[in-house]
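Single-letter residue listing:
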Amino acid sequence: MNALVATNRYFKQAVRILGIDSKLERSLLIPFREIKVECTIPKDDGTLVSYVGFRVQHDNARGPMKGGIRYHPEVDPDEVNALAQLMTWKTAVVNIPYGGAKGGIGCNPRDLSHSELERLTRVFTQKIHDLIGIHTDVPAPDMGTNSQTMAWILDEYSKFHGHSPAVVTGKPVDLGGSLGREAATGRGVVYATAALLSDFGKSISNETFVIQGFGNVGSWTAQLLFEQGGKVKAVSDVTGAVKNDAGLDIPALVKHVNQTGGVKGFVGAHEVDPRTILTEDCDVLIPAALGGVLNKYAFANNPWCLGRCCFFCQCITDATLAVQRKSPRSDGQVYC
């Protein structure tokens, strides 16, 4: 089940529960606009390379559309469409005056130099600048992008429309960004985890944690859990996975990642197969990378979680957390 099929399935379940009119249901399933653009850039060696960029604007009934831009090899129209739809529901649920959108480019940012990433971002912005804006659609960072990416978008957009710092969120503080934005999603994970644990008479300081993904969300989650006395025993990223049953030294691990680009080779732990990270014994498992990882295969390879209380805190998309106590379902998906 791909991301769009799964998202539509959840939406249709909600429609039945809420008794939404069938005409409105069809209207909400169809995005307001889907954009697909070719982005051709010169590489540092002089060769040309082309990438495909997407921006899906799902709904603007409640205000300007809002959603991140991700750079990842698996970005495709269905994934972007699903994430845009989820942004619409999220902004409505928390009652802020925005609609939903999402974007991305099918590329591996680790394979591109700093200057190549800048050229790619600027070309993408040139292709969509007339379809985004302060009152129309406001991009943000997501997987594979960061405040620097937003600064490039802001600068390129401003060439066409004048200085417009509000055209993106997640930009550097010096350009009008918000203090605390970088840690915000990870902090939300920690708040939600603490709330969940308190319902069961538990606290962060007495629990063990495993985190899949050590990007912006995963790394900040780990740092904040560490500061509150939690024992983060294993983490993974695209370079590998590391484990220390006594608890990882998270500040040292963050320093190592900043210096080397990944968790692999961290001297304060031993390396493990990243494919087994979801099966590591822990009290709280936090998938903070790609979606769709909690399924029947994870449960089949993780028998311990069926025999004891196990909590999953799954980062669905940027700035969103679903905290769930899970049980496997026969169709291979995991539901609340």
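Side note on the side chain of Ser236
(1) Moving on: When you line up the elements, Ser236 lands in strand β7 (residues 231-237).
(2) Moving on: Dropping the residues within four chain positions of it, Ser236 is found in contact with Ile211, Gln212, Gly213, Phe214, Ala241 and Ile277.

A closer look at the pattern of salt bridges
(1) Moving on: The full count for this structure, using the stated rule, is 13 salt bridges.
(2) Moving on: Note that Arg122 is salt-bridged to Asp155, the shortest N-O span being 2.9 Å. Remark: Asp155 occurs in helix α5 (residues 147-161) and Arg122 occurs in helix α4 (residues 114-128); sequence separation between them is 33 residues.
(3) Moving on: Given a relative accessible area of 16%, Arg122 falls into the buried group.
(4) Moving on: With a closest N to O distance of 3.1 Å, Lys159 and Glu156 form a salt bridge. Here Lys159 pairs with Glu156, and both are found in helix α5, just three residues apart, close to one helical turn.

Observations concerning the packing of helix α1 (residues 3-18) against helix α3 (residues 77-93)
(1) Moving on: Relative to each other, α1 and α3 sit at 30 degrees, their axes nearing to 7 Å. In terms of axis orientation, α1 runs roughly parallel to α3. Contacts from Ala3, Leu4, Thr7, Asn8 and Phe11 in α1 reach Asp78, Glu79, Asn81, Ala82, Gln85, Leu86 and Trp89 in α3.
(2) Moving on: Across the contact of α1 with α3, the residue classes break down as six nonpolar, four polar and two charged.

Overview of a nonpolar patch on the surface
(1) Moving on: A cluster of nonpolar residues, Val93, Val94 and Ile96, forms a patch on the protein surface that exposes about 290 Å² of accessible area.
(2) Moving on: Its place among the elements puts Val93 in helix α3.

Quick look at the nonpolar core
(1) Moving on: One finds Val235, Leu248 and Leu253 to be the most contacted residues of the largest nonpolar core, which totals 25 residues.
(2) Moving on: The set of elements that each furnish at least two residues to this core consists of α6 (181-199), β6 (208-212), α7 (216-227), β7, α8 (250-260) and β10 (284-287).
(3) Moving on: Each residue touching Leu253, except ones within four places of it in the same chain, is listed here: Phe214, Val235, Leu248, Val263 and Phe266.
(4) Moving on: Listed in part, the 23 residues of the second largest apolar core include Cys39, Tyr71, Leu120 and Met150.

The rules we used
- Residues numbered from 1 in each chain as written.
- Predicted model: local features only at pLDDT ≥ 70, side-chain atom pairs only at ≥ 80, totals over all residues.
- Heavy atoms only, no water.
- Helix = DSSP H or I, 4+ residues; strand = E, 2+ residues; numbered from the N terminus.
- Contact = heavy atoms within 4.5 Å.
- Salt bridge = Lys/Arg side-chain N within 4 Å of Asp/Glu carboxyl O.
- Buried < 20%, exposed > 50% of the residue type's maximum accessible area, 1.4 Å probe, protein only.
- Axes fitted to C-alpha atoms, helices over the stretch in contact; angles between N-to-C directions.
- Parallel < 35°, antiparallel > 145°, perpendicular 65-115°, else oblique.
- Nonpolar A, V, L, I, M, F, W, Y, C, P; charged D, E, K, R; others polar.
- Patch = residues over 30% accessible without salt bridge, like charges linked within 9 Å, V, L, I, M, F, W, Y side chains within 5 Å.
- Areas by Shrake-Rupley, 256 points an atom, 1.4 Å probe, with all protein chains shown as cover.
- Core = buried A, V, L, I, M, F, W, Y, C linked by side-chain atoms within 4.5 Å.

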